[in-house]
Amino acid sequence: MRTYILKRLLLMVPTLLGAATLVFLIMRVIPGDVALLIFGGDQAGHIDPKQLAAMRQRLGLDDPLLVQYATWLWGVLRLDFGTSLWTGQPVIEELLIRLPLSLQLALLATMVSVIIAIPLGMLAAVRQDTWVDYVVRVISIGGLAIPGFWVGILTILTLVIFFGWGPPLEFTPPWVDPWANLSMMIWPVLTVGYRFSAVTTRMTRSTVLEVLREDYIRTAWAKGLRERAVVIRHALKNAMLPVITLIGTEFAFLIGGLVVTETVFTLNGIGRFVVDAVAHRDYPVVQALVFLIATGFVVINLLVDLTYAWFDPRIRYR
Amino acid sequence: MATNVEVAHATATASLAPRLTLVEEVLKFARTKPLGAGGGLIILGMMVVAALAGTLAPYDAYQADYALQFARPSAEHWFGTDEFGRDLMSRIMYGARIALFVGFTASFIGCTIGGLLGVTSAYVGGRLDLLLERLMDILLAFPQLILALAIASILGPAVQNVVIAIAIPIIPRAARVVRATALSVKENVYVEAVSALGAPQARIVLRHIVPNVVAPYIILLTAQLGGAILAEAALSYLGLGAAEPTPSWGLMLSGSALSYAEKAPWIPIFPGIAISLGVFGFNLFGDSLRDALDPKLRGR
């Protein structure tokens, strides 16, 4: 196990290095001059060329590409991602302000999705090819088909029209005022959680189906156990493994959900930060965020694989 | 494409079952997979609307009519009009073209490039395989929407750029699946036999390996279609997809749609239904197609 963890950690290095390189290259392909953008772009009228050159120098844009690349990598290692072009604040500080909201949203949404998904998926598997199964499948495929931002728009619309509700403007951390926090977060959490649950339901259904065909399940039936005992004690326990993986790997899905949901609900989280940074052409921020999200993704995948090994005694990693 | 499926199918079942004609295959699919057939019907309907949008649409999708801003749904304008007085139903019908175009081209480009890389990686093996695998790992490190977002932000808002932005994140996912299948096909005795007979490499790859990865390729393609349509809607909603006045479904939901929503709730409602229904159809169909084509799941 220890060698396996070590091997995986070592494999992470080239992946993350590659990701950092790719992000760097993407940002260099962008048409337009960042320094010019800071002064208001092409439409800003006359800009003093001296000022422009000074700004380029300050941003390190007149260095050779290789030097810029080395600076970026060195910055990544020290968690120094430069400063936002828009606010002048260090990117990492801007990020830390917004992190609690997104983390809370992600965690609660995952919880909601699991609470919905596992009973539904199990039910569909046990009653395969009956109307129960069809209804669950239609609901879960539907959940995947309905765009998250549209669910958000409809939720807001309903709340505004029927309850005179207005989206709160400032984030209240749960440790300051749990009630205010919850009343703000509940709708986005349900929006993301519902969509997320669609994926988990499908996964639960198919893994329970697979497990139900195993020999030891037949043995359990043959022993004369009741359906509830067979399904919950024997099948569900083993079917949970791939579902755990999914909850991890669908982190990507969740990030996508955060991007659109935070935009719809005008929540000041990481997801909306990405969109705003892209819209404002705040390239250092985009570069840093995309890289950090990729890193989070890689780390979570590793953790999921390790949990997998932890839960399944049959898996022996070399 | 259909002939390739038949080849793959025929090689697998030639001696086991009587060969079915295409019509019989379709009927069998409709009988055994009612949900999938329903999805197929939705797709077909969407295609018809997209193809005949010019004749079916009651009004010009681009023509603004300021006398008719925010008209309620009525006999003249079934879905109402938007803030420029444009007929929403006509815009949704033209929007089907954009959704289908982006969905099909993006998943086709992504799956084909990914598939070719996967087959090459599996067949050539060695250092090239290792290099390509690491490259795919790097691309896979980025969540799909985030990568698409970054690419779209570089390319700027336009329909063809959205296609590229959505296709690139599909490549590593397709390469993974096709590579795995190609690796197992390559180990088959018949591949060894034809190569012992001295068949040229190109022939081995094209005649013996590629037909056998067609099934997973098609499953992948249909599975990505719904996601690609949804991604287009999300990117357009975020202002990185199609630009005004293109009648993209996602774009119709963006920006002003929510601020006018209290006054004219039909503006955000109908395009959302169109997206959901279209993606729902593709997902249903793709799901059942996977069940029908995947030998591991057959007979379940």
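Residues numbered from 1 in each chain as written. Chains lettered and ligands numbered in written order. Predicted model: local features only at pLDDT ≥ 70, side-chain atom pairs only at ≥ 80, totals over all residues.

**Q** Please give an account of the overall build of chain B that cites residues and values.
**A** Across its full length, chain B carries 13 helices and 0 strands. Listing the helices and strands of chain B from first to last along the sequence gives α-α-α-α-α-α-α-α-α-α-α-α-α. Per-residue burial over chain B gives 47% buried out of 300 residues. A separation of at least 24 residues holds for 71% of the contacts in chain B among residues at least 6 apart in sequence. (Helix = DSSP H or I, 4+ residues; strand = E, 2+ residues; numbered from the N terminus. Buried ≥ 20, exposed ≤ 12 C-beta atoms within 10 Å, placed from the backbone. Contact = placed C-beta atoms within 7 Å.)

**Q** Describe the overall build of chain A, with residues and values.
**A** Counting its regular elements, chain A contains 13 helices and 0 strands. Across chain A, helices and strands are ordered from the amino to the carboxyl terminus as α-α-α-α-α-α-α-α-α-α-α-α-α.

**Q** Outline the interface of chain A and chain B, listing residues and values.
**A** Taken together, the contact pairs 39 residues of chain A with 36 residues of chain B. Listing elements by their share of the side of chain A that touches chain B, those giving two or more residues are helix H1 (2-29), helix H6 (131-145), helix H7 (148-163), helix H11 (251-264), helix H12 (270-279) and helix H13 (283-311) of chain A.

**Q** Break down the packing of helix H3 (residues 34-51) of chain B against helix H5 (residues 88-124) of chain B for me, with residues and values.
**A** Residue and element names in this part refer to chain B. Between H3 and H5, whose axes approach to 8 Å, the crossing angle comes to 115°. In terms of orientation, H3 lies roughly perpendicular with respect to H5. Crossing handedness for the pair H3 and H5: left-handed. Residues Met 46, Met 47, Val 49 and Ala 50 of H3 lie in contact with H5, whose contacting residues are Met 93, Ala 96, Arg 97 and Leu 100. (Axes fitted to C-alpha atoms, helices over the stretch in contact; angles between N-to-C directions. Parallel < 35°, antiparallel > 145°, perpendicular 65-115°, else oblique. Left-handed = near helix turned anticlockwise from the far one by under 90°.)

**Q** I'd love a proper account of the confidence of the model for chain B, names of residues and values included.
**A** Residues and elements named next belong to chain B. With 90% of its residues at a pLDDT of at least 70, chain B reaches an overall mean of 81. When the elements of chain B are averaged for pLDDT, helix H1 (residues 2-13) gives the smallest value, 48, and H5 the largest, 90. In the model, residues 5-15 has pLDDT below 50 throughout and makes 9 contacts with residues more than four positions away in sequence or in other chains. Our summary of model confidence lists the complex with pTM equal to 0.82 and ipTM equal to 0.79. (pLDDT = per-residue confidence, 0-100.)

**Q** Can you tell me about the nonpolar core, naming the residues and giving the values?
**A** By size, the foremost hydrophobic cluster in this structure holds 161 residues, and its most contacted members are Val 290 of chain A together with Ala 148, Ile 166 and Ala 234 of chain B. The dominant element in this core, judged by the number of residues it contributes, is helix H10 (residues 201-237) of chain B, at 19 residues. (Core = buried A, V, L, I, M, F, W, Y, C linked by C-beta atoms within 7 Å.)

**Q** Got a sec to walk through unusual backbone geometry? Specific residues and values, please.
**A** All names here are of chain A. The phi angle at Leu 79 is positive, at roughly 55°, despite the residue not being glycine. Residue position: Leu 79 is located in the loop between helix H4 (65-77) and helix H5 (91-126). Even without a glycine there, the phi angle at Thr 266 is positive, about 45°. Of note, Thr 266 is situated in the loop between H11 and H12.

**Q** Before we move on, can you summarise the packing of helix H7 (residues 144-155) of chain B against helix H8 (residues 159-186) of chain B with the specific residues and values?
**A** Pairs of packed helices are described in terms of their axes, by the angle between the two and the distance that separates them. All names here are of chain B. The N-to-C vectors of H7 and H8 enclose an angle of 145°; their axes lie 8 Å apart at closest approach. Regarding H7 and H8, the two cross each other, and that crossing is right-handed. Residues Gln 144, Leu 147, Ala 148, Ile 151, Ala 152 and Leu 155 of H7 lie in contact with H8, whose contacting residues are Asn 161, Val 162, Ile 164, Ala 165, Ile 166, Ile 168 and Pro 169. Class assignment for the residues of the contact of H7 with H8 results in 11 nonpolar, 2 polar and no charged. (Nonpolar A, V, L, I, M, F, W, Y, C, P; charged D, E, K, R; others polar.)

**Q** Please provide a residue-by-residue account of H7 of chain A, values included.
**A** Residue and element names in this part refer to chain A. The end-to-end C-alpha distance of H7, which contains 16 residues, comes to 22 Å, matching closely the 22 Å that a straight helix rising 1.5 Å per residue would cover. Buried within H7 are the following residues: Gly 148, Phe 149, Trp 150, Val 151, Gly 152, Ile 153 and Ile 156. Trailing H7 by a residue or two, Gly 164 shows a phi angle of about 60°, which is positive. (Expected span 1.5 Å × (residues − 1).)

**Q** Would you mind going over the environment of Phe 282 of chain B in detail, with residue names and values included?
**A** Residues and elements named next belong to chain B. Take Phe 282: it is sitting in helix H13 (residues 266-293). Using a count of 30 C-beta atoms within 10 Å as the deciding quantity, one classes Phe 282 as buried. Ignoring any residue separated from it by four or fewer positions in sequence, one finds Phe 282 in contact with Gly 39, Ile 43, Thr 222, Leu 225, Gly 226 and Ile 229.

**Q** Which residues make up helix H8 (residues 178-212) of chain A, and what are the values?
**A** Its 35 residues give H8 of chain A an end-to-end C-alpha distance of only 42 Å, which falls more than 12% under 51 Å, the value for a rise of 1.5 Å per residue. Along H8 of chain A, the sharpest change in direction is near 40° and occurs at Met 185 of chain A; proline Pro 188 of chain A comes one to four residues later. (Bend = angle between axes of the 7 residues up to and from the residue.)

**Q** Quick rundown of the environment of Leu 9 of chain A? Include the residues and the values.
**A** Residues and elements named next belong to chain A. Tracing the backbone through its elements, the reader meets Leu 9 in helix H1. Take Leu 9: there are 10 C-beta atoms within 10 Å of it, and that puts it in the exposed class. Separated by 293 residues in sequence, Leu 9 and Leu 302 place their C-alpha atoms 8.2 Å apart.

**Q** I'd like a rundown of the confidence of the model for chain A, residues and numbers included.
**A** For chain A, the average pLDDT comes to 79, and 87% of its residues sit at 70 or higher. By mean pLDDT, helix H2 (residues 34-38) of chain A is the weakest element of chain A at 66, and H5 of chain A is the strongest at 87.

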